[in-house]
Amino acid sequence: MSNDAVTAEAAGTDEATPVPEPIPHGLGASLPPADARAKTEGTFPYAADLWAEGLLWAAVLRSPHPHARIVSIDTTHAREMPGVRAVVTHEDVPGAPLHGRGGRADRPVFASEVVRHHGEPIAAVAADHPDTARMAAAAVIVEYEALDPVTDPEQAFEAEPLHPDGNLIRHIPLRHGDPDAAGEVVVEGLYRIGRQDPAPIGAEAGLAVPRPDGGVELYLASTDPHADRDTAASCYGLTPEQVKIVVTGVPGATADREDQGFQLPLGLLALKTGCPVKLTATREESFLGHVHRHPTLLRYRHHADAEGRVVKVEAQILLDAGAYADTSSDALAAAVAFACGPYVVPNAFIEGWAVRTNNPPSGHVRGEGAMQVCAAYEAQMDKVAKKLGLDPAEVRLRNVLATGDVLPTGQTVTCPAPVAELLQTVRDFPLPALPKDTPEDEWLLPGGPEGAGEPGAVRRGVGYGIGMVHMLGAEGADEVSTATVKVQDGVATVLCAAVETGQGFTTLARQIVQDTLGVDEVQVAPVDTDQPPAGAGCRGRHTWVSGGAVERAAKMVRTQLLQPLAHQFGMSTELLQIADGKITSYDGVLSTTVAEALDGKELWATAQCRPHPTEPLDEAGQGDAFVGMAFCAIRAVVDVDIEIGSVRVVELAVAQDVGRVLNPAQLTARIEAGVTQGVGIALTENLRTPRGLIRHPDLTGYALPTALDAPDIRIVKLVEERDVVAPFGAKAVSAAPVVASPAAVASAVRAATGRPVNRLPIRPQAAVVTGN
């Protein structure tokens, strides 16, 4: 007899009373996000929803030219328009005019003498109505002297300097092994990676409110509030204490979420008018303002022996940074360090450059640097396999990295590196069934049910991509986060400036405290810059450093909770355990509840987490530059219509090195989202910028993959080999599938068509096979 039947019988009813399912609890459970209900009901407070008494509206005037000299700026007509309260230009920036987030401070708040990219801010307006603000911005008269833009990064080396710091942002020459080493087989390739936009679905918006002390508060969807505060204070001529950033709801972030080109003008306008000022960017302004993935040109030469083992890799990597440096130095370091991929390469000679052009600025986008080189080195592995007549998966298996191997940077891989296991798993996973040649299955054809393709022209291909990414910052970055855990009246509160960007930190923080203290109700306080800094929300930082800080603080509170009991029973706190809201001793003598032990007490503790230090790459590209690494293997199955070049991704089988699964549902969602983003890079996403002008800056002209474009994603294995130096042993999971999936799709199209496929996104003409 079931439990339900027993319950019904005891109650004297005919129907069974359902037994409620237990609520997920602690690490390893699929605890739902605390804000899930608010987001689904539309009550979650995003920046675009904010309001304040006496609110003014802002608009930003942006340059229509990618490169021009500013002859004059006349704001007279704009200032005289009814309802206009303020107009600001470069002359109104009281502090240091340059700013930058996480990189070199080389970008002005407003262009003054020279415009360096399409959409660069020129002026900003505050008015009592949004339409008035936009009309006033359009009424600012700017006289330009158009200049020839430098849009080819190869031309940047010889072009006149576009910036006082010159056109070369960084050059990394990596030297590892014997330059005279040679293999029996040599393959070469030239590869191009397009410009991907992070395309945040939620509107980029902000609100600035002046303070009585002469400072300002900025309400933003910031992903790095303390860095943004310091930048703003510098530009406003204020101390950091006079600027406060309050983080509003972030509608997802796969890059630097906000365009500082309107954040900074907002504060200036609020300070000038003495009123709250709000700006909600249009989709066009978002495309013009925020950073994009670095377009990259890559030249490769692989040497291999007759067995397919790589002997030497030679490569040249050129990153187009756009008009400003931003995080290009970091992206280049990742690209050069991982240029050979997760393979053992005894000899490597890599040249990497990041240069300025008059193209839109590039910056941090998930998997920066690593994604571009993955597409190239995996194409090279396919060429080695083809030249030797070997299976592409087998060639990869003969070369894969393992723990203890040495990277071309000279750094030993000390973290778990189960690359062979990942690849073998996806290789051996059953292939999907072939579509039937029947009318009801036409939707399976590339192009969908209304596609122009014919079943007889469809070829199926299978390809592989293995990605590797680094976690946390690199090259000596001081990675540190601080967290406070408080417990009062049976409720725990976590204070940490780690921003929830969709990566699940707030859920993880709740799980950590539940696990450590046995308290069910855990709240995570809103983030602002009155809290100690936690750093940027990228590269798995908050799982590692912020989660580690929360764990340490919670353990300190746990000790405070258990010490009186341990003293009372004459034992160490290590002999007591907390589970399911109960405190018990190893021998069973002590047994009480957490609620009884708290008994109205208020306990709190603050702790920091700082991983072991790294070092910059030296003049030969050598050094222990990375704290840890994560790996992902993907097998792609595609159908290609070789007559019209349309591609349908049938299935992506994923095996990933995750260290430890902390929240199964959340982890699965992150991997699926990363894979889908990679499909966009592979097939559709390319922000076109002819002569530096962004063409079609909207979601009609920029083709994001939709639900109909998303393939079947099979997560066939999650390898839980814990990284002993990471809190909980967990690794970052979002970036690695973004890095590996475009390379896997390109490899599969290569297998289906026999074409080289050396450009992402894959253009239809690259998948057409002539002479058939």
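The sections below set out a description of the structure shown in this document. Computed from a predicted model, the values in this text were never measured in an experiment. (Residues numbered from 1 in each chain as written. Predicted model: local features only at pLDDT ≥ 70, side-chain atom pairs only at ≥ 80, totals over all residues. Heavy atoms only, no water.)

1. Quick look at helix H4 (residues 130–139)
So, step 1. When H4 is considered as a whole, its buried residues turn out to be Thr132, Ala133, Ala136, Ala137 and Ala139. Relative to the axis of H4, the buried residues are bounded by an arc of 155 degrees and lie together on one face.
So, step 2. Tucked inside the fold, the buried residues of H4 contact strand S1 (56–62), strand S2 (68–74), helix H3 (76–80), strand S3 (84–88), strand S7 (121–127) and strand S8 (141–146). (Buried < 20%, exposed > 50% of the residue type's maximum accessible area, 1.4 Å probe, protein only. Helix = DSSP H or I, 4+ residues; strand = E, 2+ residues; numbered from the N terminus. Arc of directions from axis to C-beta. Contact = heavy atoms within 4.5 Å.)

2. What to know about the pairing of strand S19 (residues 481–488)
So, step 1. With six of its eight residues buried, S19 lies for the most part within the structure.
So, step 2. Direction of pairing for S19 relative to strand S25 (residues 602–609): antiparallel, over a ladder of eight bridges. Bridging across to S25, Thr482 finds its partner in Gln608.
So, step 3. As defined by bridge partners, S19 adjoins strand S20 (residues 491–496) across six bridges and the pair is classed as antiparallel. Within S20, the residue paired with Val487 across the bridge is Ala492.
So, step 4. Hairpin geometry of S19 and S20 is characterised by an intervening segment of two residues between the two adjacent antiparallel strands and by a positive phi of about 55 degrees at Asp489. (Pairing = 2+ DSSP bridges.)

3. Some thoughts on the environment of Pro210
So, step 1. Residue placement: Pro210 occurs in strand S11 (residues 205–210).
So, step 2. Under the relative-accessibility criterion, Pro210 is labelled partly exposed at 24%.
So, step 3. Through-space distance from the C-alpha of Pro210 to that of Thr409 is 49 Å; in sequence the pair is 199 residues apart.
So, step 4. Setting aside chain neighbours within four positions, we find Pro210 in contact with Gly215, Val216, Ala270, Gly274, Cys275 and Pro276.

4. Focus: unusual backbone geometry
So, step 1. For the bond running from Leu760 to Pro761, omega is 0 degrees, close enough to zero to count as cis.
So, step 2. Note on placement: Pro761 falls in the segment after strand S29 (759–760).
So, step 3. Although it is not a glycine, Asp326 sits at a positive phi angle of roughly 50 degrees.
So, step 4. On the secondary structure map, Asp326 appears in the loop between strand S16 (310–322) and helix H8 (328–337).
So, step 5. Despite not being glycine, Asp489 shows a phi value in the positive range, around 55 degrees.
So, step 6. Judged by its relative accessible area of 64%, Asp489 falls in the exposed class.

5. Points about the sheet that holds S11
So, step 1. Within the open sheet, the seven strands sit side by side as S3-S7-S1-S14-S11-S12-S13. Their pairing is mixed. Each end of this open sheet is capped by a strand with a single partner; those strands are S3 and strand S13 (243–247). Pairwise comparison of adjacent strand axes, ignoring direction, gives a mean angle of 20 degrees for this sheet.
So, step 2. Note that S11 and strand S14 (residues 277–280) share four bridges and pair antiparallel. Bridging across to S14, Leu207 finds its partner in Lys278.
So, step 3. Those strands touched by H4 are S1, S3 and S7, and its axis lies near 25 degrees from that of S1.
So, step 4. Its contacts with the sheet place helix H6 (residues 260–273) against S1, S3, S7, S11, strand S12 (216–220) and S14, and it is angled at close to 25 degrees to S11. (Axes fitted to C-alpha atoms, helices over the stretch in contact; angles between N-to-C directions.)

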